Amino acid sequence: SMTSPALLMRVVASAYSVAEKAATIVRNVMSAGDLGIVEKTGANDLQTKADRLVQMSICASLARKFPKLTIIGEEELSADEVTEELIEDGHCEEILKKTCPAQYTGIKEEELVIWVDPLDGTKEYTEGLLDHVTVLIGIAYGGKAIAGVINQPYYNYEAGAGAVLGRTIWGVLGIGAFGFQLTEVPAGKHVIVTTRSHSSTLVNDCISALNPDSVIRVGGAGNKIIQLIEGKASAYVFASPGCKKWDTCAPEAILHAVGGKITDIHGNSFQYNKEVKHMNSAGVLATLRNYDYYASRIPNTVKQSLVP
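Fair warning: this is a prediction, and the values are worked out from it, not measured in the lab.

Engineer: Which parts of the structure should I look at to understand the sheet that holds strand E13 (residues 284–287)?
Structural biologist: What links the strands of a sheet is backbone hydrogen bonding, and the strands pair in either a parallel or an antiparallel sense. In spatial order, the strands read E10-E9-E11-E13-E12; together these 5 strands make up an open sheet with mixed pairing. Two strands in the sheet have a free side with no partner beyond their single neighbour: strand E10 (214–217) and strand E12 (261–263). With direction set aside, neighbouring strand axes in the sheet form an average angle of 20 degrees. Bridge count between E12 and E13: 3 bridges; the pairing is antiparallel. Its bridge partner being in E13, Lys261 is matched across the sheet by Thr287. Those strands touched by helix H6 (residues 221–229) are strand E9 (191–194), E10, strand E11 (235–238), E12 and E13, and its axis lies near 150 degrees from that of E11. The strands that helix H7 (residues 245–257) touches are E12 and E13; relative to E12, the one it contacts most, it runs at about 145 degrees.

Engineer: Just to check I follow, could you spell out the environment of Asn211 for this structure?
Structural biologist: Structurally, Asn211 is set in the loop between helix H5 (201–209) and E10. When its relative accessible area of 63% is taken as the criterion, Asn211 is described as exposed.

Engineer: Teacher, can you tell me more about the nonpolar core here?
Structural biologist: The nonpolar side chains of a soluble globular protein tend to be buried with one another. Tyr125 and Tyr236 are the most contacted members of the largest nonpolar core, which totals 100 residues. Two domains each put at least three residues into this core: domain 1 (7–178) and domain 2 (191–305). For Tyr125, the contacting residues outside a window of four places in its chain are Val26, Val29, Met30, Leu35, Thr48, Ala50, Leu119, Leu130, Val133 and Tyr154.

Engineer: Help me understand the side chain of Ser17, please; the structure alone is not making it clear to me.
Structural biologist: Note that Ser17 resides in helix H1 (residues 7–32). A relative accessible area of 12% places Ser17 in the buried class. Setting aside anything within four residues of it in sequence, one finds Ser17 in contact with Glu88, Gly90, His91 and Cys92.

Engineer: Could you clarify how one ought to interpret unusual backbone geometry in this entry?
Structural biologist: Residues other than glycine predominantly adopt negative phi, and peptide bonds predominantly adopt the trans conformation. Even without being glycine, Asn156 reaches a positive phi, approximately 80 degrees. Phi at Asn211 takes a positive value of approximately 50 degrees, unusual for a residue other than glycine.

Engineer: Just checking my understanding: could you explain the pattern of salt bridges for this structure?
Structural biologist: Should the charged atoms of two oppositely charged side chains come close, the side chains can pair. Scanning all chains against the criterion turns up 9 salt bridges. Connected through shared salt-bridge partners, Lys123, Glu124, Glu127 and Arg196 make up one network.

Engineer: Teacher, can you tell me more about the environment of Leu96 here?
Structural biologist: On the secondary structure map, Leu96 appears in helix H3 (residues 93–96). Residues Leu96 and Leu7 lie 89 residues apart in sequence; the distance between their C-alpha atoms is 9.8 Å. Contacts of Leu96, omitting those with residues within four sequence positions, involve Pro5, Met9, Arg10, Ala13 and His91.

Engineer: Looking at this model, I keep getting lost on the packing of H1 against helix H2 (residues 49–65). Mind explaining?
Structural biologist: Two quantities define a packed helix pair, namely the angle between the helix axes and the distance between the axes. H2 packs onto H1 with a crossing angle of 155 degrees between their chain directions and a minimal axis gap of 9 Å. Judged on the interaxial angle alone, H2 and H1 are roughly antiparallel. Between H1 and H2 the crossing geometry is right-handed. Of the residues in H2, those in contact with Ser14, Ala15, Val18, Lys21, Ala22, Ile25, Val26 and Val29 of H1 are Lys49, Ala50, Leu53, Val54, Ser57, Ile58, Ser61, Leu62 and Lys65. For the contact of H1 with H2, the residue count by class is 11 nonpolar, 3 polar and 3 charged.

The rules behind the values
Residues numbered from 1 in each chain as written. Predicted model: local features only at pLDDT ≥ 70, side-chain atom pairs only at ≥ 80, totals over all residues. Heavy atoms only, no water. Pairing = 2+ DSSP bridges. Helix = DSSP H or I, 4+ residues; strand = E, 2+ residues; numbered from the N terminus. Axes fitted to C-alpha atoms, helices over the stretch in contact; angles between N-to-C directions. Contact = heavy atoms within 4.5 Å. Buried < 20%, exposed > 50% of the residue type's maximum accessible area, 1.4 Å probe, protein only. Core = buried A, V, L, I, M, F, W, Y, C linked by side-chain atoms within 4.5 Å. Domains from an automatic or database assignment. Salt bridge = Lys/Arg side-chain N within 4 Å of Asp/Glu carboxyl O. Parallel < 35°, antiparallel > 145°, perpendicular 65-115°, else oblique. Left-handed = near helix turned anticlockwise from the far one by under 90°. Nonpolar A, V, L, I, M, F, W, Y, C, P; charged D, E, K, R; others polar.

Right, here's the structure in full:
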């Protein structure tokens, strides 16, 4: 007899469809033309109608199917009635066909924490840098990021009229990650990807000390991890507080699923249990390969400035 797929695989399969729905909402808000921008703490900390609608859609859709999950989203929203058209009930069949890793087969709903960034790269979204934007759904168990979904609503948007817009990348530790072509930066090349809108002396001093061949400045943590797994950059370095758990959970799971590594600037791993503080106050260091090369070159002055 067919046993039903493990809970983890059902959650990931649903998160995949929920993320695709989210991408449609993101594109619809943009094409309707009224972004409904609100400043949260300042001009670099924005929220749009898309952030609000997408978070409602993701959280309500997953909570309806899996009522005992803990779901933590970036936006503070009043629990208004979520309209039916925001609910996504589908799932990705292909994900359900994969075998759940043995260590995750017994997981119960109440043991999972879902970290949601409804629109990572909001500032870039408002400025029309649409390829920077991602929707992030991270899945944590025992405080660790074990699965994730990253949707890029505008992937391919510069490829012309016939091109398929958007893509969904997903991964589970012990299975791998899918929806992209895993590529490494050519050997010996040191390309650093870092923040576009949250630069500082510390951020720049840290990068200079690493003596890179080149530096890419882009928005969004999801987008930066994609640069690593597609071989556009060799390290993601952000020597500053500001990154939050919902920025790193999904990207971490996908990066770790393909053998990469992400930590804070001191080399501490991130914790994702529901009680944890939301801020990654000691920055981010991530690589697909050669983590130790970069970690060993972070200046002590930088480390001393960033308290975990």
